[in-house]
Amino acid sequence: MTAMLQTNYPYTIEDFQVKQDITFRPVSLKEDFERLYKWMHEPHVIPYWKLNIDRDAYQQHLQTFLKDSHQQLLIGEIQGVPMSYWESYTVEGDVISKYYSYDQNDQGIHLLIGETSYLGKGYIYPLLLTILKRKFELNDTKRVVAEPDIRNKKMIAVFKKCGFQPIKEVNLSDKTGLLLSCERNVFERRWSEWNNGTF
């Protein structure tokens with residue numbers, strides 16, 4: 001599992017349609033706690049993440065997640081400005097593995113845009129495609145999954161546009177999610193379309 005998580009972050013794409021650098025770096029408890037705590041209390045985040053809890057409880061949550069060996073927590077940046085949060089994980093070792101017949105090399109992703117000034121401007125597409133590019137650079141990975149809240153229609157539409165296809169609804173402990181899967185060959189077409197300006 002550890003090898004699967006070594007996806008060479010940070011990563012930068014220059015002049016990637018938005019004409020700005022996109023980078024990802026690991027979450028630092030010291031550097032990012034206040035930022036993430038604020039993001040989890042944003043009105044557009046609360047309904048889907050349900051982590052608008054008190055400071056001590058969120059700090060404990062974040063510390064637990066940072067110690068979890070089956071996932072990496074990442075901050076996505078535009079031009080060096082932190083604006084999004086990502087949980088990049090292996091399906092093996094994750095609760096979602098109980099809901100479908102997974103391959104041991106499957107990976108998954110959770111994400112949010114925290115800074116409200118970046119909402120609705122299309123940044124999510126190059127960010128998500130970049131993460132997927134890194135995941136599929138691991139040759140054994142043939143599939144990446146996500147399970148957004150079924151109420152989150154905007155995020156589901158984003159995933160579909162980037163190559164994810166619905167599998168089924170899943171009843172998780174904190175939500176009813178729509179399990180989506182992105183296969184390598186579908187992603188490669190989306191990646192080509194993005195770079196050719198036909199996305």
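Fair warning: this is a prediction, and the values are worked out from it, not measured in the lab.

Caption draft 1: Quick peek at the overall build of the protein chain. When helices and strands are tallied, the protein chain shows seven helices and seven strands. When the helices and strands of the protein chain are listed from N to C terminus, the series reads α-β-α-α-α-β-β-β-α-β-α-β-β-α. The globule rule puts the C-alpha radius of gyration for 199 residues at 16 Å, and the 16 Å found for the protein chain is close to it. When the backbone C-alpha atoms are referred to their principal axes, the protein chain occupies close to 45 × 40 × 35 Å. Expressed as a percentage of its 199 residues, the buried residues of the protein chain come to 50%. Accessible surface, the protein chain: about 9700 Å² in total, of which carbon and sulfur atoms supply 47%. Averaging the positions of the 25 positive and the 26 negative side-chain charges in the protein chain gives two centres separated by 4 Å.

Caption draft 2: The arrangement of the sheet that holds strand 5 (residues 143-146) in detail. The mixed open sheet is built from seven strands, whose spatial order is 1-2-3-4-5-7-6. In the strand order of this sheet, the two ends are held by strand 1 (22-26) and strand 6 (165-171), each with one partner. Each strand of the sheet is rotated relative to its neighbour by a mean of 30°, with strand direction disregarded. Strand direction decides the pairing type here: strand 3 (residues 81-90) and strand 4 (residues 107-113), joined by seven bridges, are antiparallel.

Caption draft 3: Quick peek at the pattern of salt bridges. As enumerated under the stated definition, the model contains 12 salt bridges in all. With its nearest N and O atoms 2.5 Å apart, the salt bridge here joins Arg-35 to Asp-32. Residue Arg-35 and its partner Asp-32 are both found in helix 2 (residues 29-39); the two are separated by three residues, about one turn of the helix. For Asp-32, a relative accessible area of 0% gives the class buried. Salt-bridge contacts for Glu-183 lead to Arg-143; the nearest nitrogen and oxygen are separated by 3.2 Å. Note that Glu-183 is positioned in strand 7 (residues 176-183) and Arg-143 in strand 5, a separation of 40 residues in sequence. Look at Glu-183 and you get partly exposed, because its relative accessible area is 29%. Overlapping salt bridges, with partners in common, bring together Arg-25, Glu-31, Asp-32, Arg-35 and Glu-77 in one network.

Caption draft 4: Broad picture of the UniProt feature "domain: N-acetyltransferase" (unreviewed entry) in the protein chain. With numbering matched to this structure, UniProt assigns "domain: N-acetyltransferase" (unreviewed entry) to residues 22-185. This span, residues 22-185, is 31% helix and 30% strand, and a straight line between its end C-alpha atoms measures 24 Å.

The rules behind these values
- Residues numbered from 1 in each chain as written.
- Predicted model: local features only at pLDDT ≥ 70, side-chain atom pairs only at ≥ 80, totals over all residues.
- Heavy atoms only, no water.
- Helix = DSSP H or I, 4+ residues; strand = E, 2+ residues; numbered from the N terminus.
- Rg over C-alpha atoms; globule rule 2.2 N^0.38 Å.
- Buried < 20%, exposed > 50% of the residue type's maximum accessible area, 1.4 Å probe, protein only.
- Areas by Shrake-Rupley, 256 points an atom, 1.4 Å probe, with all protein chains shown as cover.
- Lys, Arg positive; Asp, Glu negative; His and termini not counted.
- Charge placed at Lys NZ, Arg CZ, Asp CG, Glu CD.
- Pairing = 2+ DSSP bridges.
- Axes fitted to C-alpha atoms, helices over the stretch in contact; angles between N-to-C directions.
- Salt bridge = Lys/Arg side-chain N within 4 Å of Asp/Glu carboxyl O.
- UniProt positions renumbered as here; feature names shortened; annotations may be inferred.

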